[in-house]
Amino acid sequence: MGGCSFLLPTICLIIFTFSGSVVQILGLGVGINYGQIANNLPSPSRVSVLLRSLNISRVKLYDADPNVLLAFSNTQVEFIIGLGNEYLENMTDPIKAQNWVQQSLQPHIPQTRIACITVGNEVFKDNDTRLYSFLLPAMQTVYKTLVDLGLDKQVIVTSAHSLDILANSFPPSAGSFRPDLAEYIQPLLSFHAQVKSPFLINAYPYFAYKGSPNEVSLDYVLFQPNQGMIDPNTNLNYDNMLYAQVDAVYSAIKAMGHTDIEVRVSETGWPSNGDEDEAGATIENAGLYNGNLLKRIDQKQGTPAKPSVPIDIYVFALFNENLKPGPASERNYGLYYPDGRASL
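Residues numbered from 1 in each chain as written. Predicted model: local features only at pLDDT ≥ 70, side-chain atom pairs only at ≥ 80, totals over all residues. Heavy atoms only, no water.

### Some remarks on empty space enclosed by the protein
And then number 1: Per the stated rule, a full pass over the model turns up two cavities of 30 Å³ or more.
And then number 2: Approximately 70 Å³ is the volume attributed to the largest cavity.
And then number 3: Surrounding the largest cavity, Val246, Tyr250, Val263, Arg264, Val265, Gly302, Thr303, Lys306, Val309, Pro310, Ile311 and Asp312 form its lining.
And then number 4: A total of three residues in the lining of the largest cavity trace back to one element, the largest contributor, which is strand 14 (residues 263-268). (1 Å grid on protein atoms, 1.4 Å probe; cavity = no way out; pocket = protein on both sides within 12 Å on 5 of 7 lines; lining within 4 Å. Points joined across faces, edges and corners; volume = space filled by probe spheres on them. Helix = DSSP H or I, 4+ residues; strand = E, 2+ residues; numbered from the N terminus.)

Here it is in structure tokens:
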């Protein structure tokens with residue numbers, strides 16, 4: 001983002017500057033991931049002021065940081081809070097689940113709007129079958145705790161998954177889950193259908209481009225004008241990879257017998273910098289990806305297979321996080337530098 005102009009009291013005009021052009025986008029309807037793996041971030045109270053000035057009213061955390069939840073009290077900002085994978089085993093114990101809800105959630109409501117708990121994050125990414133086995137029981141126990149406390153109508157329970165859970169993602173109509181995960185995902189989907197909570201995915205077209213820059217069209221992954229891809233089974237045209245990924249998950253869910261579970265994107269983004277071997281990680285591409293994505297969110301677009309369901313997306317991420325491990329790109333997804341300057 002090149003800068004931000006607060007021209008209207010209730011609408012932020014987020015101005016993205018890239019390639020010498022300026023695109024104006026209404027900052028409405030988008031969520032933002034607020035990660036904190038860094039030692040140089042502004043205080044939660046300053047972040048609260050920043051996000052409200054941007055008219056961003058939906059925030060996803062990876063924990064239940066009381067300092068953040070307190071800083072956003074009486075702001076009408078809606079939160080997703082997280083239980084990390086390290087909590088899953090304990091959350092299968094009703095007493096420990098109740099203690100966590102009573103200590104980490106209850107003290108902050110209703111003054112802070114907490115609408116969702118993600119139990120675990122990308123649990124199926126690592127080959128840890130013990131962790132796999134804890135996921136659904138932990139979700140069920142947290143949900144039952146919310147029911148017992150009369151909170152289940154205002155706080156939903158779900159989990160966020162990486163696209164590694166798919167065995168096939170193209171064409172989207174042939175999307176399917178990995179066979180080795182079927183025994184875990186089938187009952188998980190039944191839980192989602194029962195409690196009417198969404199299925200969350202962390203979807204990054206950047207990874208596909210980075211892995212095969214000579215084969216994957218940059219325009220296709222950046223929402224730029226392109227001829228798109230035709231799904232031969234449905235004849236639907238996909239002009240961007242993100243929508244194809246979302247519809248592949250819908251198809252995988254349908255193949256397991258469910259048509260009533262909404263798919264939402266809990267993370268997507270593009271890094272503004274990376275290592276030498278990380279193709280496409282540039283400020284220009286990050287500006288294009290996020291800018292074009294926000295335009296589509298503002299238009300309340302649906303995917304080709306679900307045109308009447310506006311895509312629900314949390315952008316990754318609010319800040320660059322300087323302590324994240326891994327390649328340089330991991331530390332450069334932020335829309336903002338820690339000092340509050342726009343990074344794109």
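### Considerations on the sheet that holds strand 8 (residues 156-162)
And then number 1: Reading around the barrel, the eight strands line up as 4-5-6-7-8-11-14-15 and close back on themselves, with parallel pairing between neighbours. For this sheet, the mean angle separating the axes of adjacent strands, direction not counted, is 25°.
And then number 2: When strand 5 (residues 58-60) meets strand 6 (residues 78-83), the two strands line up parallel, connected through three bridges. The residue of strand 6 that forms the bridge with Arg58 is Glu78.
And then number 3: Each of strand 6 and strand 7 (113-121) is contacted by helix 4 (residues 94-105), which is oriented at about 140° to strand 6, the strand it contacts most.
And then number 4: Packed on one face of the sheet, helix 9 (residues 241-255) meets strand 11 (199-202), strand 14 and strand 15 (313-315) and runs near 135° to strand 14. (Pairing = 2+ DSSP bridges. Axes fitted to C-alpha atoms, helices over the stretch in contact; angles between N-to-C directions. Contact = heavy atoms within 4.5 Å.)

### Topic: the packing of helix 5 (residues 129-148) against helix 6 (residues 182-195)
When two helices pack together, their arrangement is given by the angle between their axes and by how far apart the axes lie.
And then number 1: Running from amino to carboxyl end, helix 5 crosses helix 6 at an angle of 15°, the nearest separation of the two axes being 11 Å. Considering their axes alone, helix 5 and helix 6 lie roughly parallel with respect to each other. Pair helix 5 / helix 6 crosses with left-handed handedness. Taken together, the residues of helix 6 that come into contact with helix 5 (itself represented by Thr129, Tyr132, Ser133, Leu135, Leu136, Met139, Gln140 and Tyr143) are Tyr184, Pro187, Leu188, Phe191, His192 and Val195. (Parallel < 35°, antiparallel > 145°, perpendicular 65-115°, else oblique. Left-handed = near helix turned anticlockwise from the far one by under 90°.)

### What about the packing of helix 4 against helix 5?
And then number 1: It is the contact of helix 4 with helix 5, at a shortest axis distance of 9 Å, that shows an interaxial angle of 60°. Judged by the inter-axis angle, helix 4 sits oblique to helix 5. Crossing angle aside, the handedness with which helix 4 passes helix 5 is right-handed. Contacts between helix 4 and helix 5 involve Pro94, Ala97, Gln98, Val101 and Leu105 from the former and Thr141, Thr145 and Leu146 from the latter.
And then number 2: Taken together, the residues of the contact of helix 4 with helix 5 sort by class into five nonpolar, three polar and no charged. (Nonpolar A, V, L, I, M, F, W, Y, C, P; charged D, E, K, R; others polar.)

### Side note on the environment of Ile283
And then number 1: Turning to its location among the elements, Ile283 is positioned in helix 10 (residues 283-298).
And then number 2: Each C-alpha atom of the pair Ile283 and Tyr333 lies 9.9 Å from the other, and the pair is 50 residues apart in sequence.

### Structural notes on the side chain of Gln245
And then number 1: With respect to the helices, strands and loops of the structure, Gln245 is situated in helix 9.
And then number 2: What Gln245 contacts, discounting residues up to four positions off in sequence, is Leu163, Ala203, Tyr204 and Pro205.

### Overview of the packing of aromatic side chains
And then number 1: Evaluation of the coordinates by the stated rule reveals 18 aromatic pairs.
And then number 2: Relative to Phe79, the ring of Phe72 lies with its centre 5.0 Å away and its plane at 75°, an arrangement referred to as edge-to-face.
And then number 3: The class of Phe79 is buried, set by a relative accessible area of 0%.
And then number 4: Ring centres of Phe223 and Tyr289 lie 5.1 Å apart, and the angle between their planes is 50°; on these two criteria the pair is classed as tilted. Taken together, the residues span a long stretch of sequence, with Phe223 in the loop between helix 8 (218-221) and strand 12 (229-230) and Tyr289 in helix 10 at a distance of 66 residues.
And then number 5: Owing to a relative accessible area of 5%, Phe223 belongs among the buried residues under this scheme.
And then number 6: For Tyr289, a relative accessible area of 0% translates into the label buried.
And then number 7: Through successive ring pairs, a cluster of aromatic residues spans Tyr204, Tyr206, Phe207, Tyr209, Phe223, Tyr243, Trp270, Tyr289, Phe316 and Tyr333.
And then number 8: Its guanidinium or amino end placed over the ring of Tyr250, Lys306 lies 4.8 Å from that ring's centre, counting from NZ or CZ. (Phe/Tyr/Trp six-rings, centres within 6.5 Å; stacked < 30°, edge-to-face > 60°. Buried < 20%, exposed > 50% of the residue type's maximum accessible area, 1.4 Å probe, protein only. Lys NZ or Arg CZ within 6 Å of the ring centre and 35° of its normal.)

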